[in-house]
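# Structural description and commentary
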Amino acid sequence: MQRNKDKYSFIKFLSVINIIIKNSDEKNPMTVNDIKDKLYESDYDFHIDYRLIKKYVKYYNEYYEDTIIECYKKGRNDNYYFVNTTLDTMEAKAIVDLIYSSDFFTLKTKENYKKRIQDMFSIHYHAYFDKLLNLHIEKNENDQVFYKELEVVVNAIKNHKKIRFEYHKPFLTKKENNKKIELAPIDTYFANNEYYLLCQGAIDSQLCITYRLDYVKNVEIINDSSFFFSELEIQSFHEKLKNITYMYGEGKMEIIELEFHESVYSNIIDKFGKNIKPKKFSNDTYKIQVKNVINSTFYSWIIGFGGKIQISGNAKQVDKFKKFLNEKFL
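I will try to describe carefully the structure that is included in this document. (Residues numbered from 1 in each chain as written. Predicted model: local features only at pLDDT ≥ 70, side-chain atom pairs only at ≥ 80, totals over all residues. Heavy atoms only, no water.)

## Quick notes on the packing of aromatic side chains
As a reminder, the rule being used: Here a pair means two rings of Phe, Tyr or Trp (six-membered ring of Trp) with centres within 6.5 Å. Their orientation is stacked below 30 degrees between planes, edge-to-face above 60, and tilted elsewhere. Buried residues are those whose accessible area, probed at 1.4 Å on protein chains only, stays under 20% of the maximum for their type, while exposed residues exceed 50% and partly exposed ones sit between those limits. A ring is considered to have a charge above it if a Lys NZ or an Arg CZ atom is located within 6 Å of its centre and within 35 degrees of its normal.
Counted under the stated rule, the structure contains 21 aromatic pairs. Ring geometry for Trp 301 and Phe 305: centres 5.2 Å apart, planes at 75°, overall edge-to-face. Residue class for Trp 301 comes out buried when judged on its relative accessible area of 18%. One aromatic cluster is present, formed by Phe 298, Tyr 299, Trp 301, Phe 305, Phe 321 and Phe 324 through successive ring pairs. If you follow Lys 271 out to its NZ or CZ, it ends over the ring of Trp 301, 5.2 Å from the centre.

Here is the structure:
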């Protein structure tokens, strides 16, 4: 006896599951009739009943671990809603907000991120991610070229291989013959509104060097190379990274004492982290010792607070700051 197979069963399964995922959540469940109406709106001429939907939802929940479709009975009706356990709505919104607030990503890339995040949630949450942005300056980067370079970098990190690349820093006068750089990539990270590549120093293996990723061109993996960083080394590199104030500035790492007004305490934390230990100096003034790269960028940061942050303690460091003020401003 020949088995009567429904040749549209897989399409029915995908259609029903897709409708539930895109149109439902805990506050907006769907009944069997709601699902049938959506199928009709999509021009699917399928015969679906409550038993089929139950079966499809059961199959889906058995196969997927990170997302589930919940079902409960209300009166005579079965109610279904999609639960995305991989990412909370507010976590997703925070990601979109951070991407849109950055000057690094192009408007097209930002829109792609927003659309993909929206697709992870039901239509009832799409408005959470709507953003309006008018860029004063639009970068002319080729997104696809950048992501190809990034993919090579990420593969090299994953496979513990060194990379070879050219570094095209912008200059006012034309520079030719960009040298090929060969280094072990440690990680990629986002800072100062830009995307960076962190590498191990070529001469000093304990040193970490940063490169702006949009200046990194023609990346290739050196297949016959190999390296491995222990968890302790990775942690050490990231600790050093925290102390880098300005990616291309002059200066060296020093311990410096700062005196600051209590009103700028949050700015101090933003700059040096929460592990600082300020000591009270007067009613509204505190002192701290921090480790930082001392350069013109650091001095400019201090000046920006209009005297609410001052260098104190070490006379040589105070004199260097005074010299900077005399040369640049006075």
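Don't stop here, the text continues.
## Quick notes on the sheet that holds strand 12 (residues 309-312)
Neighbouring strands of a sheet are bound in pairs by backbone hydrogen bonds; such pairs are parallel or else antiparallel. Rules: In this scheme, strands are said to pair when DSSP sees at least two bridges between them. We count a stretch as a helix when DSSP gives it H or I for four or more residues in a row; a strand needs E for two or more, and each element gets its number in order from the N terminus. Here a residue-residue contact requires only that any non-hydrogen atoms of the pair lie within 4.5 Å. To define axes, lines are fitted to C-alpha atoms, for helices over the stretch in contact only, and angles between the resulting N-to-C directions are given on a 0 to 180 degree scale.
Judged by pairing direction, the sheet is antiparallel, and its 4 strands sit side by side in the order 10-11-9-12 without closing on themselves. Each of the sheet's edge strands pairs with one partner strand only, and the pair in question is strand 10 (279-280) and strand 12. For strand 9 (residues 252-261) and strand 11 (residues 285-294), the ladder comprises 10 bridges, and the chain directions are antiparallel. By the bridge assignment for strand 11, Met 253 is matched with Val 293. Strands in contact with helix 10 (residues 315-328) are strand 9 and strand 12; relative to strand 9, the strand with the most contacts, it is inclined by about 85°.

## Section: the sheet that holds strand 8 (residues 216-222)
Taken in spatial order, the 3 strands of this open sheet run 4-3-8, and their pairing is antiparallel. Across the chains shown, the open sheet's two edge strands, defined by having one partner strand only, are strand 4 (180-183) and strand 8. On average, each strand axis in the sheet is tilted by 25° relative to the strand beside it, whichever way the strands run. Here strand 3 (residues 162-167) runs beside strand 4; their pairing, made up of 4 bridges, is antiparallel. If you follow Arg 164 over to strand 4, its bridge partner there is Glu 182.

## Focus on the environment of Glu 166
Selection rule: As used in this structure description, the phrase polar contact means that two N or O atoms lie within 3.5 Å; if the pair is within protein, one of them must be able to donate a hydrogen and the other to accept it, and residues adjacent in sequence are counted only when both atoms belong to side chains.
Structurally, Glu 166 is set in strand 3. According to the relative accessible area criterion, Glu 166 is buried, its value standing at 17%. As a C-alpha pair, Glu 166 and Ile 181 span 15 residues in sequence and 6.2 Å in three-dimensional space. With residues up to four places along the chain from it excluded, the contact list for Glu 166 reads Asn 178, Lys 179, Lys 180, Tyr 215, Val 216, Lys 217 and Asn 218. For Glu 166, the side chain forms a polar contact with the side chain of His 168, separated by 2.9 Å.

## Details of a nonpolar patch on the surface
Operational definition: Like-charged residues within 9 Å of one another, or nonpolar side chains (Val, Leu, Ile, Met, Phe, Trp, Tyr) within 5 Å, are grouped into patches, provided each residue has over 30% relative accessible area and no salt bridge. Surface accessibility in these figures is a Shrake-Rupley result with a 1.4 Å probe; residues are shielded only by whichever protein chains are displayed. The salt bridge criterion pairs a side-chain nitrogen of Lys or Arg with a carboxyl oxygen of Asp or Glu, the two atoms within 4 Å.
Taken together, the side chains of Tyr 8, Ile 11 and Tyr 44 make up a nonpolar region of the molecular surface, amounting to roughly 280 Å² of accessible area. On the secondary structure map, Tyr 8 appears in the segment before helix 1 (9-23). Tyr 8 gets classed as partly exposed once you look at its relative accessible area, which sits at 40%.

## Considering the pattern of salt bridges
If you walk through the whole model with that rule in mind, you get 15 salt bridges. For Glu 182, the salt bridge goes to Arg 164, with nearest N and O atoms at 2.7 Å. Of this pair, Glu 182 sits in strand 4 while Arg 164 sits in strand 3; the two residues are 18 residues apart in sequence, bridging distant segments of the chain. Across the pair Glu 166 and Lys 180 runs a salt bridge, and its minimum N-O distance is 3.8 Å. One end of the pair, Glu 166, is in strand 3; the other, Lys 180, is in strand 4, with 14 residues separating them in the sequence. In the salt-bridge network here, residues are joined through shared partners; they are Arg 164, Glu 166, Lys 180, Glu 182 and Glu 220.

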